[in-house]
Amino acid sequence: MKIVVDCVGGDDSPKSAIFGALDALKQDRDLQVVLAGPIKSVQNVLEQEKYNSSRVHLLNCSEQIANDEIPSVAIRQKPDSSLVQGLKLLKEDSSVGGFVGQGSTGALLTGALLGLGRIKGLSRPAVCPILPNMNGGNVFILDAGANNENTPQHLYHFALMGSVYARAMGVSNPRIGLLSNGTERHKGMAMHQEAYNLIAENASLNFVGNIEGRELLSGNVDVVVADGYAGNIALKTAEGTALSVMHMLKKTIQNSFWAKVGALFMRSSFKKLKKVLYYTEHGGAIFLGVNKVVVKVHGAGTRQSICNAILQAKEMAKSNLIENIKELLSTQNSIDV
């Protein structure tokens, strides 16, 4: 299986994308990658690494979409961008299983919707990142920013897709929580209350009710359903809190001699904690709701996070994630879209 890797748009592009792709190839011998971007820049990095393999394919693209461009305009005016050409290859080549990119989130979402199409029967797509929880597992959050406004039906479909995705990632019976401002059933706006009823009425979903923001990483739920506005704020708050905790911990240690001594003995533990907390160490956020596997990596993502995202994309394609979502949605005819 091939995975398209967009080599532009990240803070350290194209190196981080290329290095991440080469790391993924080392971990999975059945994997091939398509590196999309300015061919000379990509070749220069490969030559420096002295890497030449039939498992690496190049897709030459002369244009790049910047983060400050209007997504719909950029997609239309830059047809030879790595994003547009990479998604086109994903759609047309059956040997390509997914797309991984670090560039503009808005452009990627727009390009995926226009180029790949929305899954039939789905009311609205969603971005679904993965965060570590306090029990050593993961929590899946959707929507985390694909939409600023949502309806109860949207949230219901997020619950369906989140459940399928979590199962594909190894969670046998995902516990679903609805992000609200209180755990009581009547909490939240009218939209959340109606969404609560829709999700609760589906016996196939393991719905545990409302959860508050402080429970996001508690490990009490596997899937957090949220409207895109609140979900994005919750995600970035969690990321910012993790960075702040590590910064304060480092500052506290530096202000004490004995703390520095103790830190020497705990160095390995701190490294493990950093790896868990930092979003740049994890894979990407999958864009659920389009007809192919599309994964967005943070612009500041490292080679490790890109490597993980590539392997994640292949695993999702291999597990028939999109087909399973389509099958589940086809059975939910009682909900208007």
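Look a little higher up for the structure.
All figures in this text were calculated on a predicted structure; none of them were measured in a lab. (Residues numbered from 1 in each chain as written. Predicted model: local features only at pLDDT ≥ 70, side-chain atom pairs only at ≥ 80, totals over all residues. Heavy atoms only, no water.)

### Notes on the pairing of strand 12 (residues 293–296)
When a strand is regular, its side chains alternate between the sheet's two faces. By the alternation rule, side chains of strand 12 split into Val-293 and Val-295 and Val-294 and Lys-296, which are all buried. Sheet analysis places strand 4 (residues 96–101) next to strand 12, joined by four bridges and oriented parallel. Within strand 12, the position partnered with Gly-98 by the bridge is Val-293. Sheet analysis places strand 11 (residues 285–288) next to strand 12, joined by two bridges and oriented antiparallel. Bridging from a neighbouring strand, Ala-285 pairs with Lys-296 of strand 12. What sits between strand 11 and strand 12 in their antiparallel hairpin is a turn of four residues, with Gly-289 showing a positive phi close to 125°. (Buried < 20%, exposed > 50% of the residue type's maximum accessible area, 1.4 Å probe, protein only. Helix = DSSP H or I, 4+ residues; strand = E, 2+ residues; numbered from the N terminus. Pairing = 2+ DSSP bridges.)

### A short note on the sheet that holds strand 7 (residues 138–142)
If you walk across this open sheet you meet the five strands as 6-7-10-8-9, and the pairing is mixed. In this open sheet, the two strands that pair with only one neighbour each are strand 6 (130–132) and strand 9 (206–211). Strand-to-strand twist of the sheet, defined as the mean angle between neighbouring strand axes without regard to direction, takes the value 30°. As paired elements, strand 7 and strand 10 (residues 223–225) share three bridges and run parallel to each other. (Axes fitted to C-alpha atoms, helices over the stretch in contact; angles between N-to-C directions.)

### A look at the pattern of salt bridges
Per the counting criterion, the structure on display carries five salt bridges. A salt bridge links Arg-303 to Asp-23; the nearest nitrogen and oxygen atoms lie 2.8 Å apart. Here Arg-303, found in helix 11 (residues 303–318), pairs with Asp-23, found in helix 1 (residues 15–27); they are 280 residues apart in sequence, far enough to count as distant. The class of Arg-303 is partly exposed, set by a relative accessible area of 38%. Looking at Asp-23, the relative accessible area reads 16%, which means it is buried. As a salt-bridge pair, Glu-69 and Lys-78 come within 2.8 Å of each other at their nearest N and O atoms. (Salt bridge = Lys/Arg side-chain N within 4 Å of Asp/Glu carboxyl O.)

### Observations concerning the packing of helix 6 (residues 152–168) against helix 12 (residues 321–330)
One can describe the packing of helix 6 onto helix 12 by two numbers: an axis separation of 10 Å at closest approach and a directional angle of 140°. In terms of axis orientation, helix 6 runs oblique to helix 12. Remark: the crossing between helix 6 and helix 12 carries right-handed chirality. Of the residues in helix 12, those in contact with His-157, Leu-160, Met-161, Val-164, Tyr-165 and Ala-168 of helix 6 are Leu-321, Asn-324, Ile-325, Leu-328 and Leu-329. Of the residues in the contact of helix 6 with helix 12, the class split is nine nonpolar, two polar and no charged. (Parallel < 35°, antiparallel > 145°, perpendicular 65-115°, else oblique. Left-handed = near helix turned anticlockwise from the far one by under 90°. Contact = heavy atoms within 4.5 Å. Nonpolar A, V, L, I, M, F, W, Y, C, P; charged D, E, K, R; others polar.)

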